[in-house]
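Examining the three-dimensional arrangement
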Amino acid sequence: MENNKETTVNIANYDSQKEVITKWIRILFACQIVKILTATLNASAAIGNIAGRLSRIVTIAIIIALFNLSVVNERYRKAALFYGISVGGGILLALLNKNVFVMVLSICSIVASYHELNAHSEITASKDAKLSARWHSLFYLDMFAGIMVGVLSIIPMIIAAFAGVDTDLLISIFSIVLALINIVLEMLHVVYLKKTLVSYRD
């Protein structure tokens with residue numbers, strides 16, 4: 001009974017914050033498109049550094065958007081906090097030229113993604129149940145892709161060791177494959193954000 005009451009209150013709160021949701025989801029939508037662009041540009045060594053800087057700027061814009069969405073759902077605040085730690089720590093490590101705590105920053109990024117995607121799932125639950133479920137599933141799809149990336153990154157070394165194939169060529173091929181996987185996931189994110197916007201316009 002209490003859960004039903006709490007759900008009703010949350011739905012009413014989301015509806016009353018419709019303008020806030022549509023404004024900042026629209027900004028997240030735009031940021032996500034730029035992220036796809038930077039992921040594509042990163043494949044080029046000539047402009048990879050520029051794309052990397054642009055990616056950090058976009059991530060900061062995403063953090064700001066998530067922080068503003070925290071008035072709607074507290075998970076957004078947690079996502080903004082963990083993304084902030086991940087980005088700030090990454091910049092600090094780059095300046096110090098150190099690779100320590102990389103795993104910690106990766107975990108922060110995973111936690112941030114968990115809260116962000118689940119917050120999207122919760123605010124769309126009353127509008128579009130299928131979309132809500134897709135948001136929830138996207139986190140696990142991201143996690144599975146991340147594990148696969150880790151496994152696939154080892155394969156070029158194994159093949160090169162046993163088959164005597166050029167390592168640089170294999171790494172280039174697998175880098176392209178992994179970049180494509182990342183772009184597909186980012187595109188799913190864009191599609192779901194667009195559907196979230198549409199659900200709150202109806």
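Residues numbered from 1 in each chain as written. Predicted model: local features only at pLDDT ≥ 70, side-chain atom pairs only at ≥ 80, totals over all residues. Heavy atoms only, no water.

Taking 1.5 Å of rise per residue, the 24 residues of helix α2 (residues 18–41) would be expected to cover 34 Å, and the 35 Å separating its terminal C-alpha atoms lies within 8% of that figure. Listed as buried for α2 are I21, T22, W24, I25, L28, C31, Q32, I36, T38 and A39. (Helix = DSSP H or I, 4+ residues; strand = E, 2+ residues; numbered from the N terminus. Expected span 1.5 Å × (residues − 1). Buried < 20%, exposed > 50% of the residue type's maximum accessible area, 1.4 Å probe, protein only.)

Counting residues in hydrophobic clusters, the biggest one holds 30 residues, and the most contacted among them are I21, I25, L28, L66, Y76, I123 and W135. Broken down by element, this core gets its largest block of residues, 6 residues, from helix α3 (residues 48–69). In contact with Y76, other than residues within four places in its own chain, are I25, L66, L69, S70, E116, A119, H120 and I123. (Core = buried A, V, L, I, M, F, W, Y, C linked by side-chain atoms within 4.5 Å. Contact = heavy atoms within 4.5 Å.)

So, about the packing of aromatic side chains. Enumeration according to the criterion identifies 3 aromatic pairs in this entry. In textbook terms, an aromatic cluster arises when at least three aromatic residues are bridged by ring pairs, as seen for Y114, F139 and Y140. The side chain of K194 reaches across the aromatic face of F29, ending 5.9 Å from its centre. (Phe/Tyr/Trp six-rings, centres within 6.5 Å; stacked < 30°, edge-to-face > 60°. Lys NZ or Arg CZ within 6 Å of the ring centre and 35° of its normal.)

Attention now goes to the confidence of the model for the chain. Per-residue pLDDT for the chain has a mean of 80; in total, 72% of the residues score no lower than 70. Per-element confidence in the chain ranges from a low mean pLDDT of 57 for helix α1 (residues 2–16) to a high of 90 for α2. (pLDDT = per-residue confidence, 0-100.)

Let us look at the pattern of salt bridges. Here the structure, examined in full by the defined rule, presents 4 salt bridges. Of the charged contacts, one joins R77 and E74 as a salt bridge, the two residues approaching to 3.1 Å between their closest N and O atoms. With a gap of 3 residues between them, R77 and E74 both fall in helix α4 (residues 74–96), about one helical turn apart. What makes R77 partly exposed here is its relative accessible area of 34%. Across the pair R75 and E122 runs a salt bridge whose closest N-O atoms are separated by 2.7 Å. One end of the pair, R75, is in helix α4; the other, E122, is in helix α5 (residues 102–124), with 47 residues separating them in the sequence. Note on E122: relative accessible area 32%, which makes it partly exposed. (Salt bridge = Lys/Arg side-chain N within 4 Å of Asp/Glu carboxyl O.)

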